[in-house]
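# Notes for the structure review
Below, each chain spelled out in residue letters.
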Amino acid sequence: MYMKAEKKTKATYGTYEVKLKGDMIYIYNEGMMMKAIQAQTSSTFEKFDEICKMVEVKVFPQRKDC
């Protein structure tokens with residue numbers, strides 16, 4: 001039987017948290033929503049990964065080369 005790989009829908013970077021709900025990506029800081037971004041349905045997970053990387057670099061600038 002084929003098992004579908006689970007896609008990540010939540011990531012935490014310091015006090016920031018990025019959540020994917022449907023086609024919306026939410027960025028929270030200390031529990032308060034800072035920004036909501038709508039992604040195209042066909043590329044939702046790619047956009048989520050892109051935003052996670054941007055938040056990670058903002059919170060941890062030393063990781064920008066990763």
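Look above for the structure.
Residues numbered from 1 in each chain as written. Predicted model: local features only at pLDDT ≥ 70, side-chain atom pairs only at ≥ 80, totals over all residues. Heavy atoms only, no water.

## Quick notes on the sheet that holds strand β2 (residues 16-21)
Basically, it comes down to this: When DSSP locates at least two bridges between a pair of strands, those strands are taken to pair. Helix and strand definitions here come from DSSP, where helices need a minimum of 4 consecutive H or I residues and strands a minimum of 2 consecutive E residues; each element is numbered from the N-terminal end. Helix axes are fitted to C-alpha atoms over the stretch in contact, other axes to C-alpha atoms as well, and angles between N-to-C directions run from 0 to 180 degrees. Residue contacts are defined here by distance: any two heavy atoms, one from each residue, within 4.5 Å place the two residues in contact.
Taken in spatial order, the four strands make up an open sheet running β1-β2-β3-β4, and their pairing is antiparallel. Only two strands of the sheet have a single partner each, and these edge strands are β1 (10-13) and β4 (32-38). With strand direction ignored, the average angle separating the axes of adjacent strands in the sheet is 15°. Taken together, the four bridges between β1 and β2 define a ladder with antiparallel strand orientation. Note on β2: the bridge partner recorded for Tyr13 is Tyr16. Sitting on the sheet, helix α1 (residues 44-59) touches β1, β2, β3 (24-29) and β4, and the angle it makes with β2 is about 175°.

## What about unusual backbone geometry?
Residues other than glycine seldom take positive phi values, yet Glu30 does so here, at roughly 55°. In this structure, Glu30 sits in the loop between β3 and β4.

## Concerning the pairing of β2
Hairpin connection between β1 and β2: a loop of two residues separates the two successive antiparallel strands, and Gly14 in this loop has a positive phi of roughly 60°. Alignment of β2 against β3, held across six bridges, turns out to be antiparallel. Its bridge partner being in β3, Val18 is matched across the sheet by Ile27. Counted along the chain from β2 to the antiparallel partner β3, the turn is two residues long, and its residue Gly22 has a positive phi close to 65°.

## Digging into the packing of aromatic side chains
What counts is decided by this rule: For this analysis, a ring pair means two rings from Phe, Tyr or Trp (six-membered ring only for Trp) whose centres lie within 6.5 Å, classed as stacked if their planes differ by under 30 degrees, edge-to-face if by over 60, and tilted for the remaining angles. The rule for a charge over a ring is simple: NZ of Lys or CZ of Arg within 6 Å of the ring centre, and within 35 degrees of the ring normal.
Within the structure shown, the criterion is met by one aromatic pair. Between Lys19 and the ring centre of Tyr28, over which it is positioned, the NZ or CZ distance is 5.2 Å. A cation over an aromatic ring shows up here: Lys21 above the ring of Tyr26, its NZ or CZ 5.7 Å from the ring centre.

## Thoughts on α1
As a reminder of what qualifies: The span you would expect from a helix comes to 1.5 Å times its residue count less one. The classification of residues rests on relative accessible area computed with a 1.4 Å probe and restricted to protein chains. Under 20% of the type maximum is buried, over 50% is exposed, and intermediate values are partly exposed. The reported arc concerns the directions from the helix axis to the C-beta atoms and nothing else.
When the terminal C-alpha atoms of α1 are compared, their 22 Å separation across 16 residues agrees well with the 22 Å that a helix rising 1.5 Å per residue should span. By the burial criterion, the buried members of α1 are Thr44, Phe48, Ile51, Cys52, Val55 and Glu56. Seen end-on, α1 carries its buried residues on one side only, within an arc spanning 140°. The exposed set on the far side of α1, more than 90 degrees from its buried face, consists of Glu46 and Met54. Summarising the contacts, the buried residues of α1 are in contact with β1, β2, β3 and β4.

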